[in-house]
Amino acid sequence: MSLKNAYLETAALAAALLDSPEVAASWEKPSALAQWTVGGLAGHLAYQIFSVDPALEGPASEQEPIPVLEHYARAVWIDAPLDGEVSSGIRAKGDGISSEGVRRLVERVHAALDQQRSGLEEVHGDWVVFMPQTGWALSLDDFLVTRLVELAVHMDDLAVSVGLSVPKLPGAALDPVVALLTGLAIRRHGQAAMLRALTRAERAPTAINVF
């Protein structure tokens, strides 16, 4: 399965989760993430799908794409304080996306996916995606891996928030997600810490986090 199909399958899982009665019933309640409501978190999850639309519009960027690990090394939101401007802005964007309610959000997600199924057929994995919110570019394949990570992490957040089982990722999505998270963990904690976390619990750090 290609990364494009892995993304589409995972995004469909996210759409189904957003459409669950449990999410609608908890829309205004606090989520499992501090300072997020369930509705705001749903909006943030949906944004990971909406953010693919600009990547498919217009010609490919002429900017040289950077490696995906460098993308995360530059990201200002990693380790941003919960009450800081960056984190507050991300929460506000999620709230804005979900402001019309769950039904409208689900309709928009399905409409975006319908367009993306045809749009992704027209481009290859080396298509260069410029991200105006960051000022740099990624290859389409790397960009879709970042979307897979976001979808996987926030589906977990949303499912836990409303008492549902976490959707199981297809293997073609899980593999690149785990590979990227492993690379980020090694960059942050070092190779020895990562190996010990997987093989030697008695010598492992108490936590291996990347975000």
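Check the entry above for the structure.
No experiment lies behind these values; they were computed from the predicted model shown.

Participant: I'm lost on helix α3 (residues 38-50) in this one. Help?
Facilitator: Side chains that are three or four residues apart share a direction in an α-helix, a result of its 3.6 residues per turn. For α3, spanning 13 residues, the distance from its first C-alpha to its last is 18 Å, which sits close to the expected 18 Å at 1.5 Å a residue. The buried count for α3 comes to 13 of 13 residues, which makes it a mostly enclosed element.

Participant: What am I meant to see in the packing of aromatic side chains here?
Facilitator: Aromatic ring pairs are described here by two measures, namely the spacing of the ring centres and the angle between the planes. Summed over all chains, the structure comprises three aromatic pairs. Between Tyr72 and Trp77, the ring centres sit 6.2 Å apart and the planes meet at 80 degrees, which makes this aromatic pair edge-to-face. Here the basic side chain of Arg74 rests over the ring of Trp136, its NZ or CZ set 5.2 Å away from the ring centre.

Participant: What am I meant to see in the pattern of salt bridges here?
Facilitator: Side chains that differ in charge, positive against negative, can pair when their charged atoms come close. Across all of its chains, the model carries seven salt bridges by this definition. Of the charged contacts in the structure, one is a salt bridge between Glu107 and Arg104, with a shortest N-O distance of 3.6 Å. Highlighted residues: Glu107 and Arg104, both in helix α7 (residues 102-119), separated by three residues, approximately one helical turn. A relative accessible area of 46% means that Glu107 is categorised as partly exposed. Here Glu202 and Arg203 are joined by a salt bridge, their closest N and O atoms 3.9 Å apart. On the basis of relative accessibility, which here comes to 62%, the residue Glu202 falls in the exposed class.

Participant: Honestly, the packing of α3 against helix α8 (residues 140-162) in this entry has me stumped. Any pointers?
Facilitator: In a packed pair of helices, the relevant descriptors are the angle between the two axes and the axis-to-axis distance. Packing of α3 against α8 leaves a shortest axis separation of 9 Å and a crossing angle of 160 degrees. Accordingly, the angle class assigned to the pair α3 and α8 is roughly antiparallel. Note on packing geometry: the crossing formed by α3 with α8 is left-handed. Contacts from Val38, Leu41, Ala42, His44, Leu45, Gln48 and Ile49 in α3 reach Arg147, Glu150, Leu151, His154, Met155, Asp157, Leu158, Ser161 and Val162 in α8. Grouping the amino acids of the contact of α3 with α8 by side-chain chemistry returns nine nonpolar, four polar and three charged.

Participant: Even after reading the chapter, I still don't get unusual backbone geometry, so can you show me in this structure?
Facilitator: If a residue is not glycine, its phi is most likely negative; likewise, a peptide bond is most likely trans. For Gln35, which is not a glycine, the phi torsion comes out positive at approximately 70 degrees. Its location among the elements puts Gln35 in the loop between α2 (21-25) and α3.

Participant: For this particular structure, what's the right way to read the packing of helix α1 (residues 3-18) against α7?
Facilitator: Between α1 and α7, the least distance of the axes is 10 Å, while the angle of their chain directions is 165 degrees. Classed by the angle they form, the pair α1 and α7 counts as roughly antiparallel. The crossing of α1 and α7 is left-handed. Here Tyr7, Leu8, Ala11, Ala12, Ala15 and Leu18 of α1 come into contact with α7, specifically with Val102, Leu105, Val106, Val109, His110, Leu113, Gln116 and Arg117.

Calculation rules
- Residue numbers restart at each chain and count upward from 1, following the sequence in its written direction.
- A pLDDT threshold of at least 70 governs which residues receive local features in this predicted model, and a stricter bar of 80 or more applies before side-chain atom pairs are shown or counted, although totals over entire chains, interfaces and linings include all residues.
- To obtain the side-chain values, all non-hydrogen atoms of the structure were used and water was disregarded.
- A helix here means a DSSP run of H or I that spans at least four residues, while a strand means a run of E at least two residues long, and both kinds are numbered starting from the N terminus.
- Multiplying 1.5 Å by the helix residue count minus one yields the expected span of that helix.
- Partly exposed residues are those whose accessible area sits between 20% and 50% of the maximum for their type, while under 20% is buried and over 50% is exposed, using a 1.4 Å probe and protein chains only.
- Only the six-membered ring of Trp is used, alongside the rings of Phe and Tyr, when aromatic pairs are assigned; centres must lie within 6.5 Å, and planes under 30 degrees apart are stacked while those over 60 apart are edge-to-face, with the rest tilted.
- Over a ring means this: the NZ of a Lys or the CZ of an Arg is within 6 Å of the ring centre and within 35 degrees of the ring normal.
- A pair is scored as a salt bridge if a Lys or Arg side-chain nitrogen falls within 4 Å of a carboxyl oxygen belonging to Asp or Glu.
- Comment: axis = line fitted to C-alpha atoms, over the contacting stretch for helices; angle = value between 0 and 180 degrees taken between N-to-C directions.
- Roughly parallel refers to an angle under 35 degrees, roughly antiparallel to one over 145, roughly perpendicular to one between 65 and 115, and oblique to any angle outside these ranges.
- What makes a crossing left-handed is the near helix being turned counterclockwise from the far one by less than a right angle; a clockwise turn instead makes it right-handed.
- In this description, contact between two residues means that some pair of their heavy atoms is separated by no more than 4.5 Å.
- Note on residue classes: Ala, Val, Leu, Ile, Met, Phe, Trp, Tyr, Cys and Pro are nonpolar, Asp, Glu, Lys and Arg are charged, and everything else, Gly too, is polar.

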